[in-house]
Amino acid sequence: MVVALFTSASMVFGQTKIVAPENKYDVKEDVQAGREAAQQVEEQLPILRDDGVDDYVERVGARLVGGIPDEFRHPEFRYTFDVVNVSDINAFALPGGPMFVNRGMLEAARNEGEVAGVLAHEISHVALRHGTAQASKATPYQVGSILGQIAGAIIGGVAGQAISLGSQFGFGTAFLKYGREYERQSDLLGAQIMARAGYDPRDMASMFQTIQAKSGNGGPEWLSSHPNPSNRYQAINQEASQLHVTNPVRNTQEFTQVKSRLQRMAPAPTTEQVAKQGTRRTNGRTADDRVGQVDPPSGRYQTFDGGNLFRIAVPSNWRELQGNNTVTFAPEGGYGDYRGQSVFTHGLQVGLEGSNARNLRTGTNQLIQALAQSNPQLRQSGGYSNVRFAGRSGLSTVLNNVSDVTGQQERIALYTTQLTDGRLFFVVGVAPAREFSTYRPIFNRAVQSLQLNDVRSSRY
Ligand SMILES: [Zn+2]
């Protein structure tokens, strides 16, 4: 459902000047990330296919999209509006414009102005590019260059996070959890958009109160992903007083019709109930099908020379992919570019962590902690084993994660050792959980073949 843009002729004065946060991503990356995440959402959440309801939400949405100020318009963006047939009070927007409103949100709204309030707020997150702006300042770059690269390889950036979270129905909790500043910006821009579209921005504040009033058991999802900035209502109402809207749209006959239409339908399940039914299939496809055919590992091994630092033997059909301080070896179909980052689902990566660790265990713990920061699903599944490779002692452990690309469980074999100067050298083997027993011996064999050339005094 694509909504065409139209320009609003109304003039607004005295509004707060809003500046979109710094963003190092390209606008096209917003579009691509949002599109991929939206596909996942559509596969995993029940989309309400009811023309009466759909058309209505699209009309309200399109009217608001028309109110986006010129400086926040991106011709690449397509604002689309879908209703998710679940009872939780939630709504979320993905980068580039795909927007999802839960049926529970429509049922909770007391008038059209309140529906418009939620949509305007979410549209503002998209227009201000908050998703990628957040990614710009957050993981994986904060972890450090090398860790960042593995983090990127495992999780594939914030969109990957959204996808893996989406597969567990965590939308609206992490990817879409913004700080107070972004929430405040969206409140203010949302108010301006509402005014330009002929709605009363006070209805946004009123919708927040409506949501809060309904938060009896557990609190609605939307509020949990929208920390309530202090004096939020006052701030919106203050902005509203600067935006002069005459005869705002509030209650419409259409809204009343949609409400009674929803009442006649069978009650919607909760998101949790949907999650328990398992992954939804659309057109007989699962999320897994979108991954390329992965070449099975060759039984023949080939030795790669990693500059003057290391040598390692890996299956001869794996390709060598150079990173800054890492080298990834992966089969055809098992790696790719995902939002400008290298991602691999099968294969292994070797790398060097720049900082000196006090000892191997501490360094390894730090490595895992740093990885877990940017990979919320990452869990160490057992303790450490002492291993020997490259003529020195090392540690190995296994981690569980959810793949950014497939949304499926994957396992990570981590091997670490220290160079003579104290720096941590690591090998990360990644494979889907169900193929791990096939790949682990390959990882072990590769690690056993590893030679490190930092010990100049030793002769091998
Ligand atoms: Zn928000």
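Turning our attention to the overall build of the protein. A count of helical and extended segments in the protein gives 15 helices and 16 strands. Within the span of the protein, comprising 460 residues, buried residues form 57% of the whole. A sequence separation of at least 24 residues applies to 70% of the contacts in the protein between residues at least 6 apart. With the model as given, the accessible surface of the protein reaches about 19600 Å², and the carbon-plus-sulfur share is 46%.

What follows covers the pattern of salt bridges. Opposite charge on two side chains allows them to pair when their charged atoms are near. Per the stated rule, a full pass over the model turns up 14 salt bridges. Here Arg311 ties to Asp305 by a salt bridge, and the two come within 3.6 Å at their closest N and O atoms. Overall, Arg311 belongs to the partly exposed group, its relative accessible area being 32%. The class for Asp305 is partly exposed, based on a relative accessible area of 46%. Two residues, Arg423 and Asp421, come together in a salt bridge whose shortest N-O distance is 2.8 Å. Three or more residues are tied together by salt bridges with common partners; here these are Asp200, Arg202, Asp203 and Arg250.

With mixed pairing, the 3 strands of this open sheet are ordered in space as β1-β3-β2. What marks the edges here is a single partner per strand, and that holds for β1 (80-84) and β2 (91-93). Each strand of the sheet is rotated relative to its neighbour by a mean of 15°, with strand direction disregarded. Direction of pairing for β1 relative to strand β3 (residues 98-102): parallel, over a ladder of 5 bridges. Pairing of Phe81 across the sheet is with Met99, part of β3. Across the sheet, helix α1 (residues 27-44) is in contact with β1, β2 and β3; its angle to β3 comes to roughly 30°. Contacting β1 and β3, helix α2 (residues 51-65) crosses the sheet at an angle of about 140° to β1.

As summarised here, the arrangement of the 3 strands in space is β4-β5-β16, forming an open sheet in which the pairing is antiparallel. At either margin of the open sheet sits one strand with a lone partner, and together these are β4 (301-306) and β16 (451-452). One ladder, built from 6 bridges, connects β4 with strand β5 (residues 310-315); its direction is antiparallel. Its bridge partner being in β5, Thr303 is matched across the sheet by Ala313. Lying over the sheet, helix α15 (residues 436-449) contacts β4, β5 and β16, oriented at roughly 155° with respect to β5.

Before going further, it helps to examine helix α8 (residues 180-196). Each turn of an α-helix holds 3.6 residues, which means side chains three or four residues apart point in the same direction. Its 17 residues give α8 an end-to-end C-alpha distance of 24 Å, which sits within 8% of 24 Å, the value for a rise of 1.5 Å per residue. In terms of burial, α8 is largely enclosed, as 14 of its 17 residues are buried. Residue Gly198 follows α8 closely and has a positive phi angle near 90°.

Bringing the pairing of β5 into the picture now. Counted residue by residue, β5 has 5 buried out of 6 residues, so it is predominantly covered. Two elements, β5 and β16, share 2 bridges in a ladder whose sense is antiparallel. By the bridge assignment for β16, Phe310 is matched with Leu452.

A few words now on the nonpolar core. Core analysis: the biggest nonpolar cluster contains 51 residues, and Leu64, Tyr79, Leu119 and Ile123 have the highest contact counts within it. When residues in this core are grouped by element, the largest group, 8 residues, is from helix α4 (residues 112-127). If sequence neighbours within four positions are ignored, Leu119 has contacts with Val57, Val60, Gly61, Leu64, Phe81, Met99 and Val101. The next biggest cluster of nonpolar side chains, apart from the first, holds 28 residues, and it includes Val327, Leu419, Phe425 and Phe443.

On to the packing of aromatic side chains. Applying the stated criterion across every chain, the model contains 8 aromatic pairs. Centroid distance Phe304 to Phe329: 4.8 Å. Interplanar angle 50°. Geometry classified as tilted. Taken together, the residues span a long stretch of sequence, with Phe304 in strand β4 and Phe329 in strand β7 (residues 326-331) at a distance of 25 residues. Side by side, Phe304 and Phe329 carry an identical accessibility label, which is buried. Judged by centre distance (6.2 Å) and plane angle (40°), the rings of Tyr439 and Phe443 are tilted. Placement of the pair is Tyr439 and Phe443 together in helix α15, with a separation of 4 residues, close to one helical turn. Tyr439 gets classed as buried once you look at its relative accessible area, which sits at 3%.

Mapped onto the elements of the fold, Thr345 is located in the loop between β9 (341-344) and β10 (347-356). Taking the relative accessible area as the measure of exposure, Thr345 reaches 7% and is therefore buried.

Moving on, we come to helix α11 (residues 232-242). Buried residues of α11: Arg232, Tyr233, Ile236, Glu239 and Ala240, and no others. In an axial view of α11, the angular spread of the buried residues amounts to 130°, which keeps them on one side of the axis. Lining the buried residues of α11 we find α4, α8 and α9 (202-213).

This next bit is on the confidence of the model for the protein. Atom-level detail of predicted coordinates should not be read off regions where pLDDT is low. Here the protein averages 77 in pLDDT, while 75% of its residues score no lower than 70. Confidence, read as mean pLDDT per element, is least for helix α6 (residues 145-155) in the protein (28) and greatest for α2 (96). With pLDDT under 50 throughout, residues 279-291 is counted as low confidence; its partners more than four residues away or in other chains account for 29 contacts.

It is worth spelling out unusual backbone geometry at this point. Its identity as a non-glycine residue notwithstanding, Arg129 has a phi of 60°, on the positive side. On the secondary structure map, Arg129 appears in the loop between α4 and α5 (130-137).

When you line up the elements, Ser393 lands in strand β13 (residues 392-402). For Ser393, a relative accessible area of 46% corresponds to the partly exposed category. Considered as a pair, Ser393 and Gln418 are 25 residues apart in the sequence and their alpha carbons are 8.3 Å apart. In this structure, Ser393 is in contact with Leu360, Val387, Arg388 and Thr417, ignoring residues within four places of it in sequence.

What counts and what doesn't
- Residues numbered from 1 in each chain as written.
- Predicted model: local features only at pLDDT ≥ 70, side-chain atom pairs only at ≥ 80, totals over all residues.
- Heavy atoms only, no water.
- Helix = DSSP H or I, 4+ residues; strand = E, 2+ residues; numbered from the N terminus.
- Buried < 20%, exposed > 50% of the residue type's maximum accessible area, 1.4 Å probe, protein only.
- Contact = heavy atoms within 4.5 Å.
- Areas by Shrake-Rupley, 256 points an atom, 1.4 Å probe, with all protein chains shown as cover.
- Salt bridge = Lys/Arg side-chain N within 4 Å of Asp/Glu carboxyl O.
- Pairing = 2+ DSSP bridges.
- Axes fitted to C-alpha atoms, helices over the stretch in contact; angles between N-to-C directions.
- Expected span 1.5 Å × (residues − 1).
- Core = buried A, V, L, I, M, F, W, Y, C linked by side-chain atoms within 4.5 Å.
- Phe/Tyr/Trp six-rings, centres within 6.5 Å; stacked < 30°, edge-to-face > 60°.
- Arc of directions from axis to C-beta.
- pLDDT = per-residue confidence, 0-100.

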